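Residues per chain, in single letters:
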Amino acid sequence: MRYAKRGPLRFTSHRDFARAFERALRRAGVPIAFSQGFTPHPKISYASAAPTGVASEAEYLEIGLREPVDPERLRAALDAALSPGLDVLDAVVASGGSLADRIEASHWRIELPEVDPAVAERAVAAFTAADEVRVERMTKQGRRAFDARSAVMHIDVMPASETPSGATAVPCAILELVVRQVTPSVRPDDVLSGLSAVADLVPPVSPRVIRLAQGTLTAQGAIVDPLDADREGAAIV
């Protein structure tokens, strides 16, 4: 399944979404399968969830069922059982293989209110020209330093004519980037830390971040919806 986190519900944590999704499964009467053992759990697997506070049009999960169901009816029932802003967009019957193995990269948009696009362009040029950009982030294993540059396949400043999705300040720089899935993962905030490190770009107000797509990569660097492998007429986005 593909689902979205929109508007204020982008602040829903992954744990909160998981609880809400399990309640939606019960409300919709979905014949969910459970694991074996003393503490059975519904068979749900999430793939590369976006950080809390980040909006997304391309979050993915897979579930195990006790019996076949119509994917569109399942999608509609779960979408109706979730709060507006947590929207189930697509569902297919899995043909095999791991969903996580189909997530190779993500396409992100970052809106930077009160940042002049020309300033952002200079920072992006410095970031792109660097062989390595070291940043630090607190992880479950403690504070770690890693390279934020090598995972970024593409980064650009969008034309000023583009309208931000809610940012009203003028000027507003808009970045779009494609980031490969690596370990440790490189997130949009890591790229912003890298832009600060190489060009002292520090947004005066909080950025607005949205994931536009994620999936497998073609030889040309395009991202393919991971659900396309389970249906005919696969489309590149």
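In what follows, the accompanying structure is described. Because the structure is a prediction, the values reported are computed rather than measured.

### Structural notes on the packing of aromatic side chains
On inspection of all chains with the given rule, the structure shows three aromatic pairs. Between Y3 and F17, the ring centres sit 4.2 Å apart and the planes meet at 5°, which makes this aromatic pair stacked. Of the two residues, Y3 is situated in strand β1 (residues 2-5) and F17 in helix α1 (residues 14-27); the sequence distance between them amounts to 14 residues. Since its relative accessible area comes to 4%, Y3 is described here as buried. Seen in terms of ring centroids, F17 and Y46 are 6.2 Å apart; in terms of plane orientation they differ by 80°. Their pairing is edge-to-face. Of this pair, F17 sits in helix α1 while Y46 is found in strand β2 (residues 44-47), placing the two residues 29 residues apart along the sequence.

### As for the pairing of strand β4 (residues 86-90)
By the criterion of burial, β4 is predominantly enclosed, with four of the five residues buried. Bridge count between β1 and β4: four bridges; the pairing is antiparallel. Looking at the pairing, Y3 lines up with V88 of β4.

### Structural notes on the environment of S185
Relative to the helices and strands, S185 is located in the loop between β9 (172-180) and α4 (188-199). Through-space distance from the C-alpha of S185 to that of P42 is 27 Å; in sequence the pair is 143 residues apart. In this structure S185 touches R137, F146 and D190, once residues within four positions along its chain are discounted.

### As for α1
Structurally, the α-helix is built with 3.6 residues per turn, so residues lying three or four positions apart point the same way. In this model α1 runs 20 Å from its N-terminal to its C-terminal C-alpha over 14 residues, within 8% of the 20 Å that 1.5 Å per residue would give. Looking only at α1, the buried set comprises F17, A18, A20, F21, A24 and L25. All buried residues of α1 project into a common sector of 165° when viewed along the axis, lining one side. α1 presents R15, R26 and R27 as exposed residues on the side facing more than 90 degrees away from its buried surface. Looking at the buried side of α1, the elements it contacts are β1, β2, β3 (55-63), α2 (71-81) and β4.

### Examining the pattern of salt bridges
A full pass over the atoms with the stated rule returns 14 salt bridges. When the shortest N-O distance is used, the salt bridge between R75 and E72 registers 3.0 Å. Taken together, the residues R75 and E72, both in helix α2 and three residues apart, mark about one turn of the helix. A residue is classified by how much of its surface remains accessible, and R75, at 16% relative accessible area, is buried. On the accessibility criterion, E72 (45% relative accessible area) is partly exposed. In this structure, the salt-bridge partner of R137 is D190, at a minimum N-O distance of 2.8 Å. Here R137, found in strand β6 (residues 134-139), pairs with D190, found in helix α4; they are 53 residues apart in sequence, far enough to count as distant. Under the relative-accessibility criterion, D190 is labelled buried at 2%. Here the salt bridges share partners, and the residues they tie into one network are D90, D225, D228 and R231.

### Here's the deal with unusual backbone geometry
Negative phi is the rule for most residues except glycine; trans is the rule for most peptide bonds. That bond from T183 to P184 is cis: its omega, -5°, falls within 30 degrees of zero. Along the polypeptide, P184 turns up in the loop between β9 and α4. The residue E114 is not glycine, and still its phi comes out positive at about 70°. Structurally, E114 can be placed in the loop between β5 (105-113) and α3 (117-129). Looking at E114, the relative accessible area reads 45%, which means it is partly exposed. A positive phi angle is found at D200, which is not glycine, with a value near 55°. As for its position among the elements, D200 is in the loop between α4 and β10 (208-217). Here D200 falls in the exposed class, since its relative accessible area comes to 66%.

Conventions used here
Residues numbered from 1 in each chain as written. Predicted model: local features only at pLDDT ≥ 70, side-chain atom pairs only at ≥ 80, totals over all residues. Heavy atoms only, no water. Phe/Tyr/Trp six-rings, centres within 6.5 Å; stacked < 30°, edge-to-face > 60°. Helix = DSSP H or I, 4+ residues; strand = E, 2+ residues; numbered from the N terminus. Buried < 20%, exposed > 50% of the residue type's maximum accessible area, 1.4 Å probe, protein only. Pairing = 2+ DSSP bridges. Contact = heavy atoms within 4.5 Å. Expected span 1.5 Å × (residues − 1). Arc of directions from axis to C-beta. Salt bridge = Lys/Arg side-chain N within 4 Å of Asp/Glu carboxyl O.

Function cannot be read off these values alone, since they describe shape.
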